[in-house]
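Examining the three-dimensional arrangement
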Amino acid sequence: MVIDDILKVLYAPHRAFNDIVKNPRYLGPLLILVIFVAAQVGSAYVVASKSFVEQTMPVGDQGDLWTENAALWQANPSVTVTNNHLDFINATGYFNNTSIEFTADNASSVQMKLNDLGGSVNCGSDGFKSLSVRIKIVSPDTQPENVTVYLYSLSESNFYYDLTQAFSNSTILEQHLWNNMTIPVGTVDWSSSGTPNWANITGLQIDFTWPSSSNIDLRVDGLFFRGIFGGFLDAFGSSVFISSALNAVTPFLFQWLLLTGLMYLLIKGLRGNTGWKPLMIAVGFSLITFVIQAVVLAVVFTQLWPVERYPLEVLANVPGEYDVVAQAILNGRVQANQAGSIVQVAVYVWTIALGAFITRAVTSGVGIVATKTENTPSDARVAFPQQFGWLKSLLVSAASFLLSILIMGFVLGV
């Protein structure tokens with residue numbers, strides 16, 4: 001039975017591959033593929049269950065909605081509001097290719113107001129925890145004497161926050177750099193006017209004031225309410241499992257075919273005898289080691305994989321910011337990755353050992369050819385090329401497997 005052959009590969013490979021070569025059937029490797037895909041999906045579930053992605057307002061599929069359309073903004077008289085398609089946060093996700101620019105000649109203040117947030121935003125105890133925005137002061141080069149953020153709630157009632165200190169960095173001002181700010185909301189650091197409600201924020205305003213008049217050029221991009229983290233599975237649903245299954249099938253099939261081809265060529269090159277079908281099916285059975293690896297890693301990940309949070313900087317792939325956050329995430333995986341590397345090395349060694357058994361099995365045939373000539377007996381025994389010894393079999397297996405890994409890494413990046 002197929003199940004018996006699979007189990008024998010684990011505890012009696014010599015006997016198993018001799019039987020498989022004599023009676024090669026594709027059902028066994030295909031069953032191993034199905035089990036491998038299931039194990040990989042299980043590993044993906046373990047990782048996804050420990051992963052959380054940041055929820056934002058505007059939501060991800062809307063990008064940075066509030067800073068892509070100048071018509072959404074209002075400003076005080078003499079201030080011009082336009083879209084700037086040349087200077088913006090260059091990110092591959094969430095952010096669009098524009099920023100909002102506020103310009104004024106011979107002025108000392110700019111009020112930028114977003115009246116419509118597309119509905120109320122909940123910044124209460126069960127809502128968003130912070131407000132992030134990127135602002136560049138192109139001119140003047142001097143520090144503003146006052147910067148205040150207002151969050152409106154229930155008509156003209158509002159919370160307000162002094163942001164002046166965030167613009168005290170002379171390097172940011174002199175080099176006209178984007179200033180990335182994240183402000184906690186719903187905290188006692190905010191003052192209030194009227195009777196605002198953190199659970200019902202409906203508008204936003206940022207006021208800049210300088211001590212003297214000058215030409216003013218301000219740019220705003222990447223405005224989000226954020227700080228809520230939802231489950232990875234809740235965010236992406238069944239696509240996690242579909243992607244995991246597809247990512248398992250392709251490398252498995254490619255490895256199976258590639259390893260078979262390399263072993264076939266090496267055996268033939270060393271003047272050995274083998275057939276394609278028995279070799280391919282035997283190699284397919286040997287990939288049961290990949291199933292063992294996937295199962296062990298799923299168990300390891302339940303214990304060692306850390307709880308991970310993917311903030312906006314990662315999801316939006318913001319240059320510079322992404323690298324810092326991604327490195328912090330990778331640092332948390334050190335133990336899990338080390339355990340995974342140990343398991344992988346063990347599986348590689350195991351697979352190479354099974355490959356040696358396969359090479360011995362497929363090069364062991366002896367046949368009888370009937371000949372009828374005047375100078376030879378009626379039945380002449382003709383020996384096929386000699387069965388490979390253990391050293392040569394191990395050489396074929398190791399060279400084929402290691403070369404397949406290099407090719408897999410180059411072609412598929414795995």
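Fair warning: this is a prediction, and the values are worked out from it, not measured in the lab.

Right, let's get into the packing of helix α1 (residues 2-11) against helix α2 (residues 13-22). Between α1 and α2, the least distance of the axes is 6 Å, while the angle of their chain directions is 140°. Every residue of α2 that contacts α1 at D5, K8, V9 and Y11 is listed here: P13, R15, A16, F17, D19 and I20. Classifying every residue of the contact of α1 with α2 gives 6 nonpolar, no polar and 4 charged.

Moving on, we get to the packing of aromatic side chains. Following the criterion strictly, the structure yields 20 aromatic pairs and no others. On the basis of an interplanar angle of 10° and a centroid distance of 3.8 Å, the ring pair of F159 and W198 is categorised as stacked. Note that F159 is positioned in strand β7 (residues 158-162) and W198 in the loop between β9 (191-193) and β10 (203-231), a separation of 39 residues in sequence. Note on F159: relative accessible area 7%, which makes it buried. Taking relative accessible area as the criterion, W198 reaches 15% and is therefore assigned buried. When the ring of Y264 is compared with that of W276, the centres are 5.5 Å apart and the planes differ by 70°; the resulting orientation is edge-to-face. Residue Y264 is found in helix α6 (residues 239-269), and its partner W276 is found in helix α7 (residues 276-286); the two are separated by 12 residues along the sequence. For W276, a relative accessible area of 35% corresponds to the partly exposed category. The rings of F36, F252, W256 and F290 are connected pair by pair, giving a single aromatic cluster. The residue whose ring lies beneath K113 is Y152, and the NZ or CZ to ring-centre distance is 4.4 Å.

So, about the nonpolar core. Burial of nonpolar side chains together is a common tendency in soluble globular proteins. The biggest cluster of nonpolar side chains holds 46 residues, and the ones touching the most others in it are V9, F17, F285 and I358. Looking at this core, the elements that each hand over two or more residues are α1, α2, α3 (27-49), α6, α7, α8 (288-304), α11 (334-362) and α12 (390-411). With 9 residues, the top contributor of residues to this core is α11. For I358, the residues in contact, after removing those within four places along its chain, are F17, M263, L279, A282, V283 and S286. Core analysis: the second largest hydrophobic core is formed by 43 residues, A107, M181, L204 and V220 among them.

Before going further, it helps to examine the packing of α8 against α11. Two numbers describe a pair of packed helices, the interaxial angle and the distance between the axes. Remark: α8 packs on α11, axes separated minimally by 10 Å, with the N-to-C direction vectors making an angle of 165°. Comparing the axis directions of α8 and α11 gives the class roughly antiparallel. Where α8 crosses over α11, the two elements pack in a sense that is right-handed. Contacts between α8 and α11 involve T289, F290, I292, Q293, V296, L297, V300, F301 and L304 from the first element and Q335, A336, A339, G340, V343, Q344, V347, W350, T351 and L354 from the second. Tallied by class, the residues present in the contact of α8 with α11 amount to 13 nonpolar, 6 polar and no charged.

Among the 7 residues of strand β1 (residues 51-57), 5 are classified as buried, and the element is accordingly described as predominantly covered. Bridge count for β1 against strand β11 (residues 308-310) is 3 bridges, and the pairing is parallel. Across the sheet, residue F52 finds its bridge partner in β11, namely R309. In this structure, β1 lies alongside β10, joined through 5 bridges in antiparallel fashion. In the strand pairing of β10, F52 is matched with G231.

A contiguous nonpolar patch, built from I3, L7, L10 and Y11 and spanning about 390 Å² of accessible area, is present on the exposed surface. Structurally, the position occupied by L10 is in helix α1.

Right, let's talk about unusual backbone geometry for a bit. In this structure, P58 follows M57 across a cis peptide bond, with omega equal to 5°. Along the polypeptide, P58 turns up in the loop between β1 and β2 (73-75). P140 follows S139 through a cis peptide bond whose omega is 0°. Within the secondary structure, P140 is located in the loop between β5 (130-139) and β6 (146-152). Positive phi, normally seen in glycine, also occurs at H176, with a value near 55°. Secondary-structure assignment places H176 in the loop between α4 (170-174) and β8 (179-184).

Rules used throughout
- Residues numbered from 1 in each chain as written.
- Predicted model: local features only at pLDDT ≥ 70, side-chain atom pairs only at ≥ 80, totals over all residues.
- Heavy atoms only, no water.
- Axes fitted to C-alpha atoms, helices over the stretch in contact; angles between N-to-C directions.
- Helix = DSSP H or I, 4+ residues; strand = E, 2+ residues; numbered from the N terminus.
- Contact = heavy atoms within 4.5 Å.
- Nonpolar A, V, L, I, M, F, W, Y, C, P; charged D, E, K, R; others polar.
- Phe/Tyr/Trp six-rings, centres within 6.5 Å; stacked < 30°, edge-to-face > 60°.
- Buried < 20%, exposed > 50% of the residue type's maximum accessible area, 1.4 Å probe, protein only.
- Lys NZ or Arg CZ within 6 Å of the ring centre and 35° of its normal.
- Core = buried A, V, L, I, M, F, W, Y, C linked by side-chain atoms within 4.5 Å.
- Parallel < 35°, antiparallel > 145°, perpendicular 65-115°, else oblique.
- Left-handed = near helix turned anticlockwise from the far one by under 90°.
- Pairing = 2+ DSSP bridges.
- Patch = residues over 30% accessible without salt bridge, like charges linked within 9 Å, V, L, I, M, F, W, Y side chains within 5 Å.
- Areas by Shrake-Rupley, 256 points an atom, 1.4 Å probe, with all protein chains shown as cover.
- Salt bridge = Lys/Arg side-chain N within 4 Å of Asp/Glu carboxyl O.

Spatial relationships are all this shows, so hold off on functional conclusions.
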